[in-house]
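Read off the chains here:
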Amino acid sequence: VITRPEMEIGRYHWMYRSSRPHRYHHVPALRGSISPLGIQGCFECCIKCLGGVPYASLVATILCFSGVALFCGCGHVALTGTVSILEQHFSTNASDHALLSEVIQLMQYVIYGIASFFFLYGIILLAEGFYTTSAVKELHGEFKTTACGRCISGMFVFLTYVLGVAWLGVFGFSAVPVFMFYNIWSTCEAIKTLQTNMTVPGDQICVDIRQYGIIPWNAVPGKACGPILENICNTNEFYMSYHLFIVACAGAGATVIALIHFLMILSSNWAYLKDASKMQAYQDIKAKEEQELQDIQSRSKEQLNSFT
């Protein structure tokens, strides 16, 4: 004979059988499987590590370091050679180019600061790339994105944008000495051509540095003509400074490209983190509802047991 409490228990099991949480059972490993310390385990570990590397941020970091190194190193040596050329050939009086020497010395100190800052900033952006890649890869795991992390990513986007605009100005400024040295070099080539054709005396062709505004108009001699100018172009200091300014300008352009690359990466990462935070909030709400449902079921079971 089936009593009434037994009927209630059977009805409860029939109603709540589909709502029970699924329980996973541990499946024992098969014999002959490869040990985690074997070759397959190491290979899978390497693949997992390589999958978490932010390759786009890594390429941008290498490009940024290369551009900053070229700009700072070549620019520093080229500025020193420029001062030497001015002192020897265009401004023999030290008081005439004293202000220019101070400005160049200040620029060299600024170059030291730029190199140090971008070395640290590039490492920070690379670390942020690793963080964001981990957040996206492990979205469904135990990794949690925080509001502070999203704010830091947004701050990096703004700061990289400001630095990119500033480096556009640096790139334009670095093209000015290239233009000046190119004019001097082209004038020397014109003197050689005229001397070869014997059309116009080379002494009538001059380069006046004072017109560029880097030294005052009362500087002596201030200009170089004919064979003197040709000898200046043949010196190692002029040759090295000219080509170093070209490389420094190219380095500034590479840094601008790297910052634009960083800006695209950071904007994409920030969008991924924003979506990840929404997905995380949805999963938290879903887990909370499931927990509440399980609590209701457990309380119902307890009441049924107390009734029986």
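Worth saying up front: this structure is predicted, and the values here are computed from it rather than measured.

Before going further, it helps to examine the overall build of the protein chain. What the protein chain contains, in helices and strands, is seven helices and two strands. Traced from its N-terminal end to its C-terminal end, the protein chain shows the element sequence α-α-α-α-α-β-β-α-α. Sequence separation of 24 or more characterises 81% of the internal contacts of the protein chain that already satisfy a separation of 6 or more. Of the roughly 19900 Å² of accessible surface on the protein chain, a fraction of 67% belongs to carbon and sulfur atoms.

Once that is clear, we can look at the state of the cysteines. Evaluated as defined, the whole model comprises two disulfides. Across the disulfide from Cys188 sits Cys233; the S-S distance is 1.8 Å. Its S-S torsion of approximately 60° makes the covalent link between Cys188 and Cys233 right-handed. Pair noted here: Cys188 is in helix 5 (residues 147-197) and Cys233 is in helix 6 (residues 226-233), with a separation of 45 residues, a long-range link. Looking at Cys188, the relative accessible area reads 2%, which means it is buried. Overall, the relative accessible area of 11% leaves Cys233 in the buried class. Cysteine Cys64 shares no disulfide, and the gap to the nearest cysteine sulfur, in Cys72, comes to 10.0 Å.

Here the focus is the pattern of salt bridges. Applying the stated criterion across every chain, the model contains two salt bridges. Linking Lys192 and Glu189 is a salt bridge whose minimum nitrogen-to-oxygen distance equals 3.9 Å. Here Lys192 and its partner Glu189 are both found in helix 5, three residues apart, which amounts to about one turn of the helix. Its relative accessible area of 29% is what places Lys192 among the partly exposed residues. Its salt-bridge partner being Asp208, residue Arg210 comes within 3.0 Å of it at the nearest N-O pair. Overall, Asp208 belongs to the buried group, its relative accessible area being 17%.

What follows deals with the side chain of Thr255. Note on placement: Thr255 falls in helix 7 (residues 236-307). For Thr255, a relative accessible area of 0% corresponds to the buried category. Apart from the residues within four sequence positions on either side, Thr255 is in contact with Cys64, Gly67, Val68 and Trp167.

As a further point, take the environment of Ile111. Tracing the sequence through the fold places Ile111 in helix 4 (residues 98-137). Owing to a relative accessible area of 8%, Ile111 belongs among the buried residues under this scheme. Along the chain, Ile111 and Gly73 lie 38 residues apart, while their C-alpha atoms are 8.4 Å from each other. Contact partners of Ile111, with chain neighbours within four places excluded, come to Cys72, Gly75, His76 and Leu79.

What follows covers the UniProt feature "transmembrane region" (unreviewed entry) in the protein chain. Look at the UniProt record and you will see "transmembrane region" (unreviewed entry) annotated at residues 58-86, 106-131, 152-176 and 244-266. A helix fraction of 100% and a strand fraction of 0% characterise residues 106-131, whose end C-alpha atoms lie 37 Å from each other. Helix makes up 100% of residues 152-176 and strand makes up 0%, while its end C-alpha atoms are separated by 37 Å.

Scoring rules and cut-offs
Residues numbered from 1 in each chain as written. Predicted model: local features only at pLDDT ≥ 70, side-chain atom pairs only at ≥ 80, totals over all residues. Heavy atoms only, no water. Helix = DSSP H or I, 4+ residues; strand = E, 2+ residues; numbered from the N terminus. Contact = heavy atoms within 4.5 Å. Areas by Shrake-Rupley, 256 points an atom, 1.4 Å probe, with all protein chains shown as cover. Disulfide = S-S within 2.5 Å. Buried < 20%, exposed > 50% of the residue type's maximum accessible area, 1.4 Å probe, protein only. Salt bridge = Lys/Arg side-chain N within 4 Å of Asp/Glu carboxyl O. UniProt positions renumbered as here; feature names shortened; annotations may be inferred.

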